[in-house]
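Notes for the structure review
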Amino acid sequence: MEAVFLTFVFVLTIFLGFELISKVPSTLHTPLMSGSNAISGITLIGALASVKTDSLVFTVILGTLAVIFATINVVGGYAVTNRMLEMFKKKDEGGAK
Amino acid sequence: MSSPALAINFAYIISAALFIFGLKMLSSPATARRGNLLSAVGMLLAIVVTLFSQGLDYKWILLGIVIGSAIGLVAAYKVEMTSMPEMVALFNGFGGISSLLLAWGEYHQHPELSVFIGIVASLSAFIGGITFSGSMIAFGKLSEKIPSKAIIFSGQHIINAAILIAAILSTVFFAVNPQNLYWVFVVIVIIALVFGVTSVIPIGGADMPVVISLLNSYSGLAACAAGFVIGNNILIVAGALVGASGIILTKIMCKAMNRSLANVLFSGFGATVQAKGDGPQGEIRPATAEDVYYILEAADSVVFVPGYGLAVAQAQHVTRELGDLLEKNGTEVMYAIHPVAGRMPGHMNVLLAEANVPYDQLVEMDDINPKMDSIDVCVVIGANDVVNPAAINDESSSIYGMPIIETHRAKTVIVLKRSMNPGFAGIQNALFFAENARMYFGDAKASIQALVAEFKSGD
């Protein structure tokens, strides 16, 4: 039953994703990619929860590596997206320095 | 569900809502930055509440987060805007490998998986593995550490098909009895890593926008599969959003090249250069900086059409400087951007934004083409195939049918180019021989600097 429930969530979210993303203008496609990339670092949540005090040693090693990679993905992804979006300015916002 | 676990799951719902709002606000440059911050807040919330789970081993978690944050921050603030495609490829790959590691860790801890969990665990490892090794190859190609042209090996399709069949068989074999088949799981991981390499290596540099979009989608789907493994909704929601985003971008990129996804992935386009002497011939009309200056000086409207060459030459800042001088001279200035210009979706927009070009001056292909006849001068900077009129009027051309920016219809076209070498598609560009075209040879940055100097001395 749980599998059905999770699949339900998955399918609905895919449709929601299509709706949301098709409204993003091509000007913002690069920030969209790096921003959604940061979101895909959500595996960090699972990775954190897998590093438990009663876990097997090899599980902890895999989990810690997963935490490192996912954190790079999350922190780097959001930071670089923010850096890019900062540069998008309208003309009356003093586009030229 | 115990009450702390329930509270954590409620917090995940808020995170999911913040991700969705964040993506929604990306639909306008004015709200995009706040949207990204909102999405980051959602992620932070999810991370913080997860840390309240019972029995976590904090020393390893802290170590992982500190190392990861340090690397992520340094990379994010050091990277040049022109190198953004390889940066995104790299981050994609890291997302993929973390899904793989997570699935592996879960399996190692609880080998007694149900058939369903067995399937999603191998899917998570498989997609994660492809994302990782595929992204590393894409990174290598984009940063020119390995040759960016398509590398074709004989029997490539057969090998890839065999790998794929092996992967499916292993998954089925594994899922039926996961507990005693640890080695099969490892085989699946290895197959995935190999497949990532063999499937991306035959794809050429200019097709990278498609590949990056697709890998972006995979990284989301891998996270999604990992979410199924650990039965966590937030991974599924976030992963599916990213998966959908990547699929849409992939579709847009394919459409902008008038090619199917299958064609991009399997054809090795651009690997074979057509025989010399093929294609249009004619007299070219070279121009000097002074000639170009007089043409631009007299123009009422100028449209810049940037391509990958602008990124290579790092010419975005001088281009904006020239644009400003033209505006001061009373000329209307616009920047027309083809959807696949550059090496990733939106690459040119980011470069021009970096150079302080206001985003209201950036126009899309479909908006500029109807006005093209009334434009005085088009300045093509380092773009080639996306302005090749053969796409419209030469049915035998390999790019026939691809939507282009129709610069050939402007009164005058100035093409900045290093030499007469053909573009990625390996075909000569009829635009260069057109009556209204002038070729301005040289490095894009140096050429534009010369024009800026002309303008400054002309005042």
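Throughout what follows, the structure given in this document is the object of discussion. Model, not experiment: these values are computed from the prediction.

Residues and elements named next belong to chain B. Across the interface, helix α5 (residues 115-142) lies against helix α8 (residues 208-230) with an axial gap of 8 Å and an inter-helix angle of 155°. The pairing of α5 with α8 is recorded here as roughly antiparallel in orientation. For the crossing formed where α5 meets α8, the hand is left-handed. Here the contact of α5 with α8 is built from residues that sort into 19 nonpolar, six polar and one charged.

Contacts between the two partners involve 106 residues from chain B and, on the opposite side, 84 residues from chain A. Taken together, the links from chain B to chain A amount to one salt bridge. Notably, a salt bridge pairs A:Glu86 with B:Arg33, separated by 3.1 Å at the nearest N-O pair. In this assembly, chain B and chain A are joined by 21 residue pairs in polar contact (both at pLDDT 80 or more). Take the side of chain B that touches chain A: its biggest share by element is 17 residues, from helix α9 (residues 233-256) of chain B. Residue composition of the side of chain B that touches chain A, grouped by class: 63 nonpolar, 32 polar and eleven charged.

Residue and element names in this part refer to chain B. Spatially, the six strands line up as an open sheet ordered β3-β2-β1-β4-β5-β6, and their pairing is parallel. The strands lining the two open edges of the sheet, one partner per strand, are β3 (362-364) and β6 (437-441). On average, each strand axis in the sheet is tilted by 25° relative to the strand beside it, whichever way the strands run. Alignment of strand β4 (residues 377-381) against strand β5 (residues 412-417), held across five bridges, turns out to be parallel. Bridged to Cys378 within β5 is Val413. Packing against the sheet, helix α13 (residues 316-328) makes contact with β1 (301-306), β2 (332-337) and β4, and its axis sits at approximately 145° to β2. Packed onto the sheet, helix α14 (residues 347-354) meets β1, β2 and β3 and runs at close to 145° relative to β2.

This paragraph deals with the packing of helix α2 (residues 29-40) of chain A against helix α4 (residues 57-87) of chain A. Relative placement of two packed helices is described by the angle separating their axes and the distance separating the axes. Residues and elements named next belong to chain A. Two numbers describe how α2 lies on α4: the axes approach to 7 Å, and their chain directions differ by 155°. Relative to α4, the element α2 is oriented roughly antiparallel. Regarding α2 and α4, the two cross each other, and that crossing is left-handed. Across from Thr30, Pro31, Ser34, Gly35, Asn37, Ala38, Ile39 and Ser40 in α2, the residues of α4 making contact are Asn73, Val74, Gly77, Tyr78, Val80, Thr81, Met84 and Leu85. Split into classes, the residues belonging to the contact of α2 with α4 amount to eight nonpolar, eight polar and no charged.

Calculation criteria
- Residues numbered from 1 in each chain as written.
- Chains lettered and ligands numbered in written order.
- Predicted model: local features only at pLDDT ≥ 70, side-chain atom pairs only at ≥ 80, totals over all residues.
- Heavy atoms only, no water.
- Axes fitted to C-alpha atoms, helices over the stretch in contact; angles between N-to-C directions.
- Helix = DSSP H or I, 4+ residues; strand = E, 2+ residues; numbered from the N terminus.
- Parallel < 35°, antiparallel > 145°, perpendicular 65-115°, else oblique.
- Left-handed = near helix turned anticlockwise from the far one by under 90°.
- Nonpolar A, V, L, I, M, F, W, Y, C, P; charged D, E, K, R; others polar.
- Contact = heavy atoms within 4.5 Å.
- Salt bridge = Lys/Arg side-chain N within 4 Å of Asp/Glu carboxyl O.
- Polar contact = N/O pair within 3.5 Å; in protein donor to acceptor, adjacent residues only side chain to side chain.
- Pairing = 2+ DSSP bridges.

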